[in-house]
Amino acid sequence: GASASGASAADEAAVLRKVKQLRSSLGGGSGPKLTLEQAGVSGVCREVRAMGTREVRDEIERICLCAVSSIMRGDGFAYSMPSRAASNVLYVPQLDRVVLKDKILERLFASASSARKTAITTRVMQLVLELCAKKIHVTKRDLFYTDVKLFRQQTESDDVLDDVACMVGCTRSSLSVVAAEKGIVVGKIIFEDDGDTIDCTKMGVGGKAIPPSIDRVTGVRGEAQFILLIEKDAAFMRLAEDRFYNSYPCVIISGKGQPDVATRLFLNKVRSELNIPILGLFDADPYGLKILSVYMKGSKNMSYDSINLTTPDIKWLGIRPTDLDKYQIPQQCRLEMSDHDLRTGKELLAEEFIKANASWHKELELMVQSKVKAEIQALSSFGFQYLSKVYLPRKLAEGDWI
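To keep things clear, this report deals only with the structure shown in the data block. All residue numbers refer to position in the chain's written sequence, counted from 1. The model is predicted, so local features are restricted to residues of pLDDT at least 70 and side-chain atom pairs to those at 80 or more, both for listing and for counting; the totals for chains, interfaces and linings are taken over all residues. With hydrogens and water set aside, each side-chain value is computed from the structure's full complement of heavy atoms.

Now for the sheet that holds strand β7 (residues 184–187). One open sheet accounts for 6 strands, arranged β10-β7-β13-β12-β14-β15; its pairing is mixed. Each having just a single partner strand, β10 (208–209) and β15 (314–318) make up the two edges of the open sheet. Two strands are said to pair when DSSP picks up at least two bridges between them. Each helix corresponds to a stretch of at least 4 residues labelled H or I by DSSP, and each strand to a stretch of at least 2 residues labelled E; elements are numbered beginning at the N terminus.

The following block contains the structure:
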């Protein structure tokens, strides 16, 4: 028995050799990210920053006083804010993230097309003021239910919340409104959540829900060698149940598809606190790569806060289009790409943030040419534990990431 466990320990060390090399190449820390000012980028909107409740209140009161004095002068009122349209987004290569350009929108109360939106903006600011005064957090859903008749749909109050963050110049979390818990984490990591110690090796198969408010997370520590970032929760559950992190010390994180703000902030925090590499496990389809680029380079919708939300230098471990032949994925597990998939793939090929990474571009080109995609679950055709027992150890041992 002892020799068997000794052999497996040696195997594990061999598997992790390349990962450790990657880790030491990270240097002494990820350091603070370059800001737009430092990079000397012009024609862009200022990036937002985290603010305390006092500062948020002062800024909202200033905006409202301007509106009141405008009404008193007989000019009606309007709010001006950065446009968050996709056409107003810019990819900055030296920062490797997407940011907002400097186009400004005027939201007029006197105009029929924007009167309702202006009313919603005013109402959201009023609610945020109330939260700041009481020093409490609510979810976006709670916010919506405070005035369903005015907001009509949650997408409308959510959208305006981002606008208000842009107007104030703070992160969305600074407005005391958080999204419901979505992301999950498991593995060799311990942190304090609002004073409670959370050990993520004792979180069962489901993992620990990533706290919606990142300020609650402190004292991040653990002996993980790398972070495994997983697109979907099915693969997450498989690895958690196989206790993959016991064989190969790592932190396993999943945003369950398109990641929410909390998951992206948490990933960034763990990466900078532990200073370990991140390896991404995503589907070999255009959406997998799209989601990976949201983690790394930011989403267009939240581009006003990409400095806090992006985590640079995530390695794409799999499943890549080149893996399909290399690992002999059977034909019945490869899916034909739909027209919509191909369109998304071609649009991605034209994006600057994909062109910036030649090896990503090559994989995506192969995908679009072959018109074939595959999900992480395709590996289950070799047996349910193939992912944790064969595929990942081989990938790690070969250092097969881009």
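Still more ground to cover, so stick around.
The contact between helix α12 (residues 286–297) and helix α15 (residues 339–350) brings their axes to 9 Å, and the two run at 40°. The angle between the axes of α12 and α15 places the two elements in the oblique class. Two packed elements cross with a definite hand, and for α12 against α15 that hand is left-handed. Mapping the contact onto sequence places Pro286, Tyr287 and Lys290 in α12 and His340, Asp341, Thr344, Gly345 and Leu348 in α15. Residues are grouped as follows: nonpolar covers Ala, Val, Leu, Ile, Met, Phe, Trp, Tyr, Cys and Pro; charged covers Asp, Glu, Lys and Arg; every other residue, Gly included, is treated as polar. Classifying every residue of the contact of α12 with α15 gives 3 nonpolar, 3 polar and 2 charged. Every angle, taken between N-to-C directions, lies between 0 and 180 degrees, and every axis is a line fitted to C-alpha atoms, over only the stretch in contact when it is a helix. Working definition: roughly parallel below 35 degrees, roughly antiparallel above 145 degrees, roughly perpendicular at 65 to 115 degrees, and oblique for all remaining angles. Rotating anticlockwise by less than a right angle from the far helix to the near helix defines a left-handed crossing, while the corresponding clockwise rotation defines a right-handed one. Only heavy atoms matter for contacts: two residues are in contact if any of them lie within 4.5 Å across the pair.

This brings us to the environment of lysine 297. As for its position among the elements, lysine 297 is in helix α12. For every residue, the accessible area obtained with a 1.4 Å probe (protein chains only) is divided by the maximum for its type, and the residue is called buried under 20%, exposed over 50%, and partly exposed between those limits. On the basis of relative accessible area, lysine 297 is assigned to the buried category, the value being 3%. Spatially, the C-alpha atoms of lysine 297 and leucine 34 are 14 Å apart, while their sequence positions differ by 263 residues. Every residue in contact with lysine 297, bar those within four places of it in the chain, is listed here: Tyr91, Asp96, Arg97, Val98, Thr310, Phe353 and Trp360. Counting of polar contacts relies on pairs of N or O atoms within 3.5 Å, with two restrictions inside protein: one atom must be capable of donating a hydrogen and the other of accepting it, and residues adjacent in sequence are counted only when both atoms are side-chain atoms. For lysine 297, the side chain forms a polar contact with the side chain of aspartate 96, separated by 2.6 Å. At 3.5 Å, the side chain of lysine 297 forms a polar contact with the backbone oxygen of phenylalanine 353.

Buried residues of nine kinds, namely Ala, Val, Leu, Ile, Met, Phe, Trp, Tyr and Cys, make up a nonpolar core once their side-chain atoms join them within 4.5 Å. Counting residues in hydrophobic clusters, the biggest one holds 79 residues, and the most contacted among them are Ile189, Ile253 and Phe266. Those residues in contact with phenylalanine 266 that sit more than four places away from it in its chain are Val185, Phe191, Ile210, Ile214, Val217 and Ile253.

Let us look at unusual backbone geometry. Of the consecutive residues glycine 318 and isoleucine 319, the connecting peptide bond is found in the cis state with omega at -15°. Even without a glycine there, the phi angle at arginine 152 is positive, about 65°. With a relative accessible area of 56%, arginine 152 lands in the exposed category. Located in the positive-phi region is arginine 243, a residue other than glycine, with phi close to 50°.

By definition here, a helix of n residues has an expected span of 1.5 Å times n minus one. Taking 1.5 Å per residue, 15 residues should reach 21 Å; helix α8 (residues 154–168) reaches 21 Å between its end C-alpha atoms and fits that length. Among the 15 residues of α8, 13 are classified as buried, and the element is accordingly described as predominantly covered. A positive phi of about 85° marks glycine 169, the residue just after α8.

Let us look at the packing of helix α9 (residues 233–241) against helix α18 (residues 386–398). Direction vectors running N to C along α9 and α18 enclose 95°, while the axes themselves pass 9 Å from each other. By the angle class used here, α9 and α18 are roughly perpendicular. Here α9 contributes Ala235, Arg238 and Leu239 to the contact with α18, which in turn contributes Leu387, Ser388 and Leu392. The residue inventory of the contact of α9 with α18, partitioned by class, reads 4 nonpolar, 1 polar and 1 charged.

We now examine the pattern of salt bridges. Each salt bridge in this description consists of a side-chain nitrogen of Lys or Arg and a carboxyl oxygen of Asp or Glu lying within 4 Å of one another. Applying the stated rule across the entire model yields 35 salt bridges. Salt-bridge contacts for arginine 84 lead to aspartate 159; the nearest nitrogen and oxygen are separated by 2.7 Å. On the criterion of sequence distance, the pair formed by arginine 84 in the loop between β1 (78–82) and β2 (89–92) and aspartate 159 in helix α8 is long-range, its members being 75 residues apart. On the basis of relative accessible area, arginine 84 is assigned to the buried category, the value being 12%. In this structure, the salt-bridge partner of aspartate 193 is arginine 216, at a minimum N-O distance of 2.9 Å. Highlighted residues: aspartate 193 in strand β8 (residues 190–193) and arginine 216 in the loop between β10 and β11 (217–221), separated in sequence by 23 residues.

Turning next to the sheet that holds β8. Read across the sheet, 3 strands follow the order β9-β8-β11 without closing on themselves; strand pairing throughout is antiparallel. Of all the strands in the sheet, the pair left with one neighbour each is β9 (196–199) and β11. Across the sheet, the mean angle separating the axes of adjacent strands is 20° when strand polarity is ignored. Across 3 bridges, β8 lies against β11 in antiparallel orientation. Note on β11: the bridge partner recorded for aspartate 193 is valine 217. Where helix α11 (residues 261–274) meets the sheet, it contacts β8 and β11, and its direction lies at approximately 45° from that of β11.

As a further point, take α9. All of the buried residues along α9 are Ala235, Phe236, Leu239 and Ala240. Buried positions in α9, seen along its axis, are confined to an arc of 135° and lie on one side of it. Looking at the packing, one finds that the buried side of α9 touches β7, β12 (226–230), α10 (244–247), β13 (250–254) and α18. One or two residues past the end of α9 sits arginine 243, with phi positive at roughly 50°. As used here, the arc belongs to the directions running from the helix axis to the C-beta atoms.

Let us look at the packing of aromatic side chains. Centres within 6.5 Å make a pair out of two Phe, Tyr or Trp rings, where for Trp the six-membered ring is used; the pair is then stacked when the planes are under 30 degrees apart, edge-to-face when over 60, and tilted otherwise. Enumeration according to the criterion identifies 10 aromatic pairs in this entry. Grouped by ring-pair contacts, the aromatic residues Phe77, Tyr79 and Phe109 constitute a single cluster. Think of it as a cone above the ring: NZ of Lys or CZ of Arg counts as a charge over the ring if it is within 6 Å of the ring centre and within 35 degrees of the ring normal. Over the face of the ring belonging to tryptophan 360 we find lysine 297, whose NZ or CZ atom lies 5.5 Å from the ring centre.

A few words now on the environment of phenylalanine 244. Along the chain, the position of phenylalanine 244 falls in helix α10. Sequence separation between phenylalanine 244 and tyrosine 91 is 153 residues, and the spatial gap between their C-alpha atoms is 36 Å. Those residues in contact with phenylalanine 244 that sit more than four places away from it in its chain are Phe226, Leu228, Leu239, Cys250, Ile252, Ser388, Leu392, Pro393 and Leu396.

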